[in-house]
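Per-entry structural report
Residues per chain, in single letters:
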Amino acid sequence: MDLYAQPHRRFNPLTGEWVLVSPHRALRPWQGQVEPDLTALPPAYDPDCYLCPRNTRAGGARNPDYTSTFVFDNDFAALLPLAEEGTPPAGLDSPLFRAEAAAGLCRVVCFSPRHDLTLPQLSLPAVEAVIHTWAEQTAELGRLPFVNYVQVFENKGAVMGCSNPHPHSQIWAGQQLPNEPAKELAAQNAYHQAQGSCLLCDYLNAEEREGVRVVAANEHFVAVVPFWAVWPFEILLASRRHLGSLTELQDEEIGALAGLLQQMLTRYDNLFSTSFPYSLGFHQTPTDGGDYPAWHLHLHAYPPLLRSAAVKKFMVGYELLAMPQRDLTPELAAQRLRAAGDQHYLS
Ligand code: H2U
Ligand code: ZN
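Below, the structure is looked at part by part. (Residues numbered from 1 in each chain as written. Chains lettered and ligands numbered in written order. Predicted model: local features only at pLDDT ≥ 70, side-chain atom pairs only at ≥ 80, totals over all residues. Heavy atoms only, no water.)

1. Some points on the overall build of the protein chain
Of the regular secondary structure elements, the protein chain holds six helices and twelve strands. Taken against the 2.2 N^0.38 rule, which gives 20 Å for 347 residues, the C-alpha radius of gyration of the protein chain at 21 Å falls within 12% of a compact globule. Across its three principal directions, the C-alpha atoms of the protein chain cover 55 × 50 × 40 Å. Burial analysis of the protein chain (347 residues in total) assigns 48% to the buried set. Put simply, of all contacts in the protein chain between residues at least 6 apart along the chain, 68% involve residues at least 24 apart. Counting every atom, the protein chain has about 16600 Å² of accessible surface; 54% of that belongs to carbon and sulfur. (Helix = DSSP H or I, 4+ residues; strand = E, 2+ residues; numbered from the N terminus. Rg over C-alpha atoms; globule rule 2.2 N^0.38 Å. Buried < 20%, exposed > 50% of the residue type's maximum accessible area, 1.4 Å probe, protein only. Contact = heavy atoms within 4.5 Å. Areas by Shrake-Rupley, 256 points an atom, 1.4 Å probe, with all protein chains shown as cover.)

Spelled out as structure tokens, the structure:
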């Protein structure tokens, strides 16, 4: 079987799901060169932005004159701390109509006072401050009795449904393990039991030996387009050291993570000379007090763009009804990201 020419499916060992790869469809010409999009560069401060320093938010609260990261409770939180436990209402006690209370807390983390600077454009110390904040929030929220899992994520770009251009991330900390981490927990535990080693430690070693899907790496972290990537330029970034949570990162590792995150996001922006949209987030150990020796801290980045700043991949049709599918091979995607360079196109 030729993985670069023939339709085939690839297995995602982290979720137990398959992706269909159709490389023969991607043989059409690649229009690599694109003009930088300089038309809509935002101002450093926007008086109408809900997240800029000193401005009033949608909920009526006023932001402080912050100078580094700024964290606040989401004014429109999807999870609330006081979920009512107990018997569900009549009719909801059947296996066909299951529901349970879901407590939690949602916060917003502004990266910096600057309305115009995304993660790859901030200084390295500013990105380190963001990672420190994510780790502190994970520790603080994880200690709450009703929080058993802390999801740190950034949703960037209007095309991803991001409602505010001021660079920020979100944290949803909840009572239950959500679907994706739950699948990964089961898969990592099963692999650990069967092989006696860590799935992602073994995977990173194998990827580094092969090299073709590695986008960037440094002393402490490696970023690859995973063998089983679903999104065209999907990236999996993981620590070389086996650790489970952002809270376990040492200062030197935070510096290395900031550097590699900036480098991969710079490559994203350079690819189509645009501020690259994506959803990214960390998968880390649950905070229910249990031991999770098989869990390996990692970050997923899921960007929707396919061929240019304007051409997006849609997860519809076969993907919605059967399984995800891609044309561009992960190996070619990694090659293009390596070729995109690590000097930001706006710098
Ligand atoms: P996005 O990351 O999808 O843009 O969402 C921004 C979040 O910020 C969203 O969850 C919150 C929204 O509820 N928000 C506030 O809490 N206060 C505001 O004044 C504006 C936005
Ligand atoms: Zn702003």
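Next, the rest of the story.
2. Some remarks on the site of ligand 1
A58, N74, D75, S163 and H168 are the nearest of the 15 residues found near ligand 1. With respect to ligand 1, the backbone of A58 contributes an N or O atom lying 2.7 Å from an oxygen atom. Relative to its unbound accessible area of 470 Å², ligand 1 is 88% covered by the protein chains. Its residues assigned to classes, the shell around ligand 1 comprises six nonpolar, seven polar and two charged. (Near = heavy atom within 4 Å. Polar contact = N/O pair within 3.5 Å; in protein donor to acceptor, adjacent residues only side chain to side chain. Nonpolar A, V, L, I, M, F, W, Y, C, P; charged D, E, K, R; others polar.)

3. Some thoughts on the state of the cysteines
Throughout the structure, instances matching the rule amount to zero disulfides. C162 carries a free sulfur, and the closest cysteine sulfur to it, the one in C49, is 10 Å from it. Since its relative accessible area comes to 18%, C162 is described here as buried. (Disulfide = S-S within 2.5 Å.)

4. Quick notes on the packing of aromatic side chains
A full pass over the atoms with the stated rule returns eleven aromatic pairs. Taking 4.8 Å as the distance between ring centres and 25° as the angle between the ring planes, the aromatic pair formed by Y66 and F70 counts as stacked. Comparing Y66 with F70, the two get one shared label, buried. Their ring planes at 80° and their centres at 6.2 Å tell us that F111 and W134 sit as a pair that is edge-to-face. One end of the pair, F111, is in the loop between β4 (104-110) and α1 (124-142); the other, W134, is in helix α1, and 23 residues separate them in sequence. By the burial criterion, F111 is buried, and W134 matches it. Taking NZ or CZ as reference, R9 lies 4.3 Å from the ring centre of W18, over its face. (Phe/Tyr/Trp six-rings, centres within 6.5 Å; stacked < 30°, edge-to-face > 60°. Lys NZ or Arg CZ within 6 Å of the ring centre and 35° of its normal.)

5. A closer look at the coordination of the zinc ion (ligand 2)
Only C49 (SG), C52 (SG), H115 (ND1) and H166 (ND1) from the protein reach the zinc ion (ligand 2) as donors, at distances of 2.0 to 2.4 Å. In the primary structure, the donors to the zinc ion (ligand 2) are separated according to the pattern C-x2-C-x62-H-x50-H. Remark: H166 occurs in the loop between β5 (149-156) and β6 (168-174) and C49 occurs in the loop between β2 (17-21) and β3 (70-73); sequence separation between them is 117 residues. We classify C49 as buried; its relative accessible area is 3%. Under the relative-accessibility criterion, H166 is labelled buried at 0%. (Donors = N, O, S within 2.8 Å, 3.2 Å for Na, K, Ca; no water.)

6. Re helix α6 (residues 330-339)
Every buried residue of α6 is accounted for by P330, E331, A333, A334, R336 and L337. Those residues of α6 that are buried are in contact with β1 (8-12), β7 (214-217), β9 (235-239), α4 (251-271) and β12 (325-326). Once α6 ends, the next one or two residues include G341, with phi positive near 80°.

7. Thoughts on the layout of surface pockets
The computed volume of the largest pocket comes to approximately 810 Å³. E17, E180, K183, W231 and Y302 are the residues nearest the centre of the largest pocket, which is lined by 30 residues in total. Elements that contribute at least two residues to the lining of the largest pocket include exactly β1, β2, β5, α2 (179-195), β10 (278-283), β11 (298-302) and α5 (318-321). Among the elements that line the lining of the largest pocket, the one with the most residues is α2, at five residues. In terms of residue class, the lining of the largest pocket is made up of 15 nonpolar, eight polar and seven charged. Approximately 690 Å³ is the volume found for the second largest pocket. In terms of lining residues, the second largest pocket is bounded by 31 residues, among which A40, P42, T118, K156 and S275 are the most central. (1 Å grid on protein atoms, 1.4 Å probe; cavity = no way out; pocket = protein on both sides within 12 Å on 5 of 7 lines; lining within 4 Å. Points joined across faces, edges and corners; volume = space filled by probe spheres on them.)

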